[in-house]
Amino acid sequence: MVASQISLKIRQGFILVFVLLVALPILFFSIGKAYYASLIEATEKTLEAHLYSLISEVDFTERGIIMPSTILAPELNRLNSDTYAMIYRDEQPVWHSESAVNVNFAPQSIEARAGSADFRRIEYKGTAYWQLSLTVILGNIDQSEQARFILLKRNDALLRLMDGFRQTLVNWMYVMGVAIAALMAIGFVWSARPLQRLDKEIKAIESGDIQEIKGLYPIELQTIKADLNLLLQTQQRQKERYRASLSDLAHALKTPLAVLKSSPLANDADAQEQLDRINVMIEHQLKRAATGAADTWKKQTMIKPVIDSILSAMSKVYRDKDIIFTCDVTDKQYFLGDKTDLLELLGNLIDNACKACRSQVAIHVIQDKNLSVAISDDGPGVPIDKRESLLTRGTRLDTYENGHGVGMAIVSDLVKSYNGTLTILDSHTLNGANFILEFNYNDKK
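Residues numbered from 1 in each chain as written. Predicted model: local features only at pLDDT ≥ 70, side-chain atom pairs only at ≥ 80, totals over all residues. Heavy atoms only, no water.

- The name given to the chain in an unreviewed UniProt entry is histidine kinase, with Pseudoalteromonas neustonica as the source organism.
- In its Subcellular location (unreviewed entry) section, UniProt records this for the chain: "Membrane".
- Under the heading Catalytic activity (unreviewed entry), UniProt records this for the chain: "ATP + protein L-histidine = ADP + protein N-phospho-L-histidine." (UniProt positions renumbered as here; feature names shortened; annotations may be inferred.)

Laid out in structure tokens, this is it:
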């Protein structure tokens, strides 16, 4: 579950770290190994070319083996070179190149038949060499004998080439790392743009600016776009059917109630009370069923205009009480839901506060990731033992003194339908009741 919540940026970062810290080093060592192997192969080919050049220049006489004073390979004619050539007969040196003048080298005894070349890495007095040896039969018509040709290449010459190559490779790896990081960042931004556009359109739907997703998206998002539009259309059709059915139900019920209330039966106080209760219950259930809280898409309703309109109405209704309203709300705070539902919630709570208060009502709105609306008054408050029953469905809430309870069933149901909470506490500032509405928007934005 935790892995599925990792953001796309972090996932892209993991991939980049893997490429830079794992893939590139593996590539670096692989290329280095391949280059070193190619150096060894090239060394073998070079020594082999020198070998055959020597064989072509050697002259066999009765006095032994004669080589020209200068041979074709310049590496063998230069002192302090890293390439040496020697000829042995019966394990005794009979010739060496100019480059091997200062080299005291005793060849390893190698069992090899004549005409068979041997290439290997050897060590002599702590120095590593690559050695190519070949035993050949030299002679003429009268006589012949075996001679062993040995060519050596110091391994540190290869290591120097390898170090230079590695330094060049490291520089290029840095360039590749920066280029890969830049390309992955550009690729992520480019790939994320359709998702950002989709998110922007969804937010526009939530705010009520548009009704469906219309943008052009890559093939991978076409199915999501179609499914979301289908969901929106289905939700809209259901909402229209609900409204039509509720409208029909309202007309069907209100007419018989109006007839009953105007009939002689309504003169009876008990009958009138029951009719009023039935009317209140019908209004309550119609409002609850018509609420937008169950909608899949929530619209942002700015809170301040709604509170301003409610306070304006309350000031007129409770003109005789001369209530002092204190309101702490900003223009940017919003309710994620239908405006009618917000009017129902705040209207009932503020109306109750006005009925219960002596002279003051305070409204305090806080919004960060969550939304909290506190409505307090300086009235007698709600007893602790009655707070739970005040929000319990089925209780005659209009029988509580000081006004608390009117419409609380509607408020309680609306709050639950929005997955919110309603808490009743004592007000520490006004010493009356404090009704706190809380809604969690962490998973919605």
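### Focus on the environment of D156
Then, number 1: Tracing the chain through its elements places D156 in helix α3 (residues 155-206).
Then, number 2: Residue classification places D156 among the partly exposed positions, given a relative accessible area of 26%.
Then, number 3: Among the polar contacts listed, one links the side chain of D156 to the side chain of R154, at a separation of 2.8 Å. (Helix = DSSP H or I, 4+ residues; strand = E, 2+ residues; numbered from the N terminus. Buried < 20%, exposed > 50% of the residue type's maximum accessible area, 1.4 Å probe, protein only. Polar contact = N/O pair within 3.5 Å; in protein donor to acceptor, adjacent residues only side chain to side chain.)

### Re the sheet that holds strand β12 (residues 370-377)
Where strands meet in a sheet, backbone hydrogen bonds hold them as pairs that are either parallel or antiparallel.
Then, number 1: Sheet architecture is open: five strands sit in the order β9-β11-β12-β14-β13, paired in mixed fashion. Because the sheet does not close on itself, it has two edges, and the strands there are β9 (324-328) and β13 (421-426). With strand direction ignored, the average angle separating the axes of adjacent strands in the sheet is 15°.
Then, number 2: One ladder, built from seven bridges, connects strand β11 (residues 360-367) with β12; its direction is antiparallel. Across the sheet, residue V361 finds its bridge partner in β12, namely D377. (Pairing = 2+ DSSP bridges. Axes fitted to C-alpha atoms, helices over the stretch in contact; angles between N-to-C directions.)

### Some details on the state of the cysteines
Then, number 1: A full pass over the atoms with the stated rule returns zero disulfides.
Then, number 2: C357 forms no disulfide, and the closest cysteine sulfur to it belongs to C354, at a distance of 5.6 Å.
Then, number 3: A relative accessible area of 5% means that C357 is categorised as buried. (Disulfide = S-S within 2.5 Å.)

### Focus: the pattern of salt bridges
Then, number 1: Applying the stated criterion across every chain yields a total of eleven salt bridges.
Then, number 2: Note that D118 and R120 form a salt bridge whose closest N and O atoms lie 2.8 Å from each other.
Then, number 3: Judged by relative accessible area, R120 falls into the partly exposed class, the value being 34%.
Then, number 4: Where D351 meets K355, a salt bridge forms, and the shortest distance between an N and an O atom there is 3.4 Å. Here the residue D351 and the residue K355 both occupy positions in helix α7 (residues 339-356), the gap between them amounting to four residues, near one helical turn.
Then, number 5: Given the relative accessible area of 15%, D351 is considered buried.
Then, number 6: Via salt bridges that share partners, E75, D82, K153, R154, D156 and R160 belong to a single interconnected network. (Salt bridge = Lys/Arg side-chain N within 4 Å of Asp/Glu carboxyl O.)

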